[in-house]
Amino acid sequence: GDQVEQSPSALSLHEGTGSALRCNFTTTMRAVQWFRKNSRGSLINLFYLASGTKENGRLKSAFDSKERYSTLHIRDAQLEDSGTYFCAAEAGTGSNRLTFGKGTKFSLIP
Amino acid sequence: GALVYQYPRRTICKSGTSMRMECQAVGFQATSVAWYRQSPQKTFELIALSTVNSAIKYEQNFTQEKFPISHPNLSFSSMTVLNAYLEDRGLYLCGARDWGYAETLYFGSGTRLTVL
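All values derive from a computational prediction rather than experimental measurement.

Caption draft 1: Structural context of the packing of aromatic side chains. Enumeration according to the criterion identifies 13 aromatic pairs over all chains in this entry. When the centroid spacing of 5.5 Å and the interplanar angle of 50° are considered together, the rings of B:F28 and B:Y106 count as tilted. Linking B:F28 in the loop between β3 (19–26) and β4 (32–38) with B:Y106 in strand β10 (residues 106–107), this pair joins segments that are 78 residues apart in sequence. Members of the aromatic cluster, each reached through a chain of ring pairs, are A:F35, A:F86, A:F100, B:Y36, B:F44 and B:F107.

Written out as structure tokens, the structure reads:
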């Protein structure tokens, strides 16, 4: 099975509301990155976490290696948050071998 | 800031021909570069990992004979898709990292390959 299970596959929010994306890992990961793929196809770095939580503006991410999951919270959703969000986890040290989730397509409900 | 540029952004080639894509790191040293492909089914596949002055490591189902990679310095890498066929279409992404500075992997916008 997939090493990285990302949910939900799609998310629609009203402006100003919030929600969370989650990635569960079937094995112990040493770090996780979150990306947003925008309308131009660029993969934008959001967070890199080896543990704990990080916050940047209206986004907050957490990673628990022991419990094998990571989350990305979006609050006060805005139009510029639209795109597809990916988590990507790294199992081993010293490599760029990221295993990606299948993505969450986020859209704002007008 | 750290940026990765990829070009061309998109390309179309005839079945059986080859195309080369390039990856440029700006603002940091790309000591390590990873090439991925996002298939039409949207999954990301790792093609190969390249570290300057080390051998390039290809993943299962990908070979140097099919996807030769060059990583000659700390700011540039290229990959060629040789003898492209329909199953090679997709978005090819270059991710680069400076091991001595940060662990974040920075990605370019990708090269979208269409094979006719």
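Caption draft 2: Seen up close, the environment of B:C23. Residue and element names in this part refer to chain B. Checked against the element boundaries, C23 lands in strand β3. A sequence separation of 53 residues divides C23 from F76, and the C-alpha atoms of the two residues are 5.7 Å apart. Apart from residues lying up to four places away in sequence, C23 is in contact with V4, Y5, Q6, W35, S75, F76, S77 and C94.

Caption draft 3: Layout of the interface of chain A and chain B. Contact residues are listed per partner, giving 20 residues for chain A and 24 residues for chain B. In this structure, the connection of chain A to chain B is made through 2 salt bridges. A salt bridge links B:R97 to A:E90; the nearest nitrogen and oxygen atoms lie 3.1 Å apart. Across the chain A-chain B interface, the total number found is 6 residue pairs in polar contact (both at pLDDT 80 or more).

Caption draft 4: Broad picture of the sheet that holds strand β1 (residues 3–7) of chain B. Residues and elements named next belong to chain B. Spatial ordering of the open sheet is given by β1-β3-β8-β7, a layout of 4 strands whose pairing is antiparallel. Since the sheet does not close on itself, it has two edges, and those belong to β1 and β7 (69–73), each with one partner. Each strand of the sheet is rotated relative to its neighbour by a mean of 15°, with strand direction disregarded. Bridge count between β3 and strand β8 (residues 76–81): 6 bridges; the pairing is antiparallel. Bridge assignment links Q24 to a residue of β8, and that residue is F76.

Rules behind the numbers
Residues numbered from 1 in each chain as written. Chains lettered and ligands numbered in written order. Predicted model: local features only at pLDDT ≥ 70, side-chain atom pairs only at ≥ 80, totals over all residues. Heavy atoms only, no water. Phe/Tyr/Trp six-rings, centres within 6.5 Å; stacked < 30°, edge-to-face > 60°. Helix = DSSP H or I, 4+ residues; strand = E, 2+ residues; numbered from the N terminus. Contact = heavy atoms within 4.5 Å. Salt bridge = Lys/Arg side-chain N within 4 Å of Asp/Glu carboxyl O. Polar contact = N/O pair within 3.5 Å; in protein donor to acceptor, adjacent residues only side chain to side chain. Pairing = 2+ DSSP bridges. Axes fitted to C-alpha atoms, helices over the stretch in contact; angles between N-to-C directions.

Everything listed here is a matter of coordinates, which is why it stays silent on function.
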